[in-house]
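# Chains, contacts and geometry: an overview
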Amino acid sequence: EPEVTQTPSHQVTQMGQEVILRCVPISNHLYFYWYRQILGQKVEFLVSFYNNEISEKSEIFDDQFSVERPDGSNFTLKIRSTKLEDSAMYFCASRKDGTYEQYFGPGTRLTVT
Amino acid sequence: KQEVTQIPAALSVPEGENLVLNCSFTDSAIYNLQWFRQDPGKGLTSLLLIQSSQREQTSGRLNASLDKSSGRSTLYIAASQPGDSATYLCAVSAMNRDDKIIFGKGTRLHILP
């Protein structure tokens with residue numbers, strides 16, 4: 001069964017560094033999402049992406065964040081200058097046009113030191 | 001603004017018992033409601049998705065109900081097993097252009113052998 005994949009599974013970075021989290025959505029899906037979960041807290045929506053542009057973004061998704069679909073398969077989340085509070089599990093999700101179920105990847109645990 | 005609340009926050013029950021997890025949401029204008037399972041430090045596994053027009057969904061020992069008008073859902077787990085120990089998340093998808101998922105904080109379930 002097709003699934004969303006994410007790399008790396010765990011990323012450790014120093015404060016102020018740039019990180020890129022990578023996702024490969026399910027191949028025939030057209031809608032893409034990033035969510036994050038700070039340890040012990042709720043899963044929170046960051047951004048949705050469709051037709052090569054952002055559809056919606058939350059207050060969390062400030063100028064330090066960006067998303068890109070650099071080719072036909074990858075969907076990336078970039079954090080330009082990481083802060084300690086960016087430490088979280090980041091989940092990518094995708095869904096097919098005409099349906100409303102989002103399929104989640106296994107997550108990337110980002111640790112900012 | 002949609003808020004999802006889950007009660008109780010944590011639950012311990014002896015193996016073999018039937019149990020009910022509760023979820024409430026403040027805005028009844030939803031496309032669907034989904035129950036996820038999350039093991040410690042791991043990703044999100046979708047258990048059941050109920051469309052807004054449906055009243056319940058069943059999968060094996062799991063049964064989820066939805067009462068959209070009152071903003072409530074329950075997840076019923078029959079004949080609980082130690083392997084059911086995990087955090088169960090309730091999440092709703094909004095009925096508007098922005099189809100982000102709003103998550104509850106979860107119920108941490110521990111099945112005692």
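All residue numbers refer to position in the chain's written sequence, counted from 1. Each chain is given a letter, starting from A, and each ligand a number, starting from 1, according to the order in which they appear as written. Totals for whole chains, interfaces and linings use every residue, but because this is a predicted model, local features are given only for residues with pLDDT of at least 70 and side-chain atom pairs only at 80 or more, for both listing and counting. Excluding hydrogens and water, the side-chain figures rest on all heavy atoms present in the structure.

## A few points about the pattern of salt bridges
What counts as a salt bridge is simple: a side-chain nitrogen of Lys or Arg found within 4 Å of a carboxyl oxygen of Asp or Glu. Using the criterion set out here, one finds 3 salt bridges over all chains in the structure. Among the salt bridges present, the one from Glu 44 of chain A reaches Arg 36 of chain A, with a minimum N-O distance of 3.3 Å. In this scheme, a residue with accessible area under 20% of its type's maximum is buried, one over 50% is exposed, and one in between is partly exposed, where area comes from a 1.4 Å probe on protein chains only. Classification of Arg 36 of chain A as buried rests on a relative accessible area of 10%. The residue Asp 39 of chain B makes a salt bridge to Arg 37 of chain B at a minimum N-O spacing of 3.0 Å. You can call Arg 37 of chain B buried: its relative accessible area is 17%.

## Topic: the packing of aromatic side chains
Pairing of aromatic side chains here covers Phe, Tyr and the six-membered ring of Trp, requires ring centres within 6.5 Å, and sorts the geometry by plane angle: under 30 degrees stacked, over 60 edge-to-face, intermediate tilted. Scanning the model with the defined rule gives 12 aromatic pairs over all chains in all. Geometrically, the ring pair formed by Tyr 35 of chain A and Phe 45 of chain A is edge-to-face, given 5.7 Å between the ring centres and 70° between the ring planes. Taken as a pair, Tyr 35 of chain A in strand 4 (residues 31–37) and Phe 45 of chain A in strand 5 (residues 43–50) lie far apart in primary sequence, 10 residues in all. Take Phe 45 of chain A: its relative accessible area is 6%, and that puts it in the buried class. Taking 5.4 Å as the distance between ring centres and 85° as the angle between the ring planes, the aromatic pair formed by Phe 104 of chain A and Phe 36 of chain B counts as edge-to-face. Placement of the pair is Phe 104 of chain A in strand 10 (residues 103–104) and Phe 36 of chain B in strand 4 (residues 30–38), with the two residues belonging to separate chains. Assigned by exposure class, Phe 104 of chain A and Phe 36 of chain B land together as buried. Through a chain of ring-to-ring contacts, three or more aromatic side chains come together here, namely Tyr 33, Tyr 35, Phe 45 and Phe 104 of chain A together with Phe 36 and Phe 103 of chain B. Positioned above the aromatic ring of Tyr 31 of chain A is the side chain of Arg 95 of chain A, whose terminal nitrogen or guanidinium carbon lies 3.8 Å from the ring centre. Each helix is a run of H or I in the DSSP string that is no shorter than four residues. Each strand is a run of E no shorter than two, and both are numbered from the N terminus. Charge over a ring is defined by NZ of Lys or CZ of Arg lying within 6 Å of the ring centre and within 35 degrees of the ring normal.

That is the geometry; function is a separate question.
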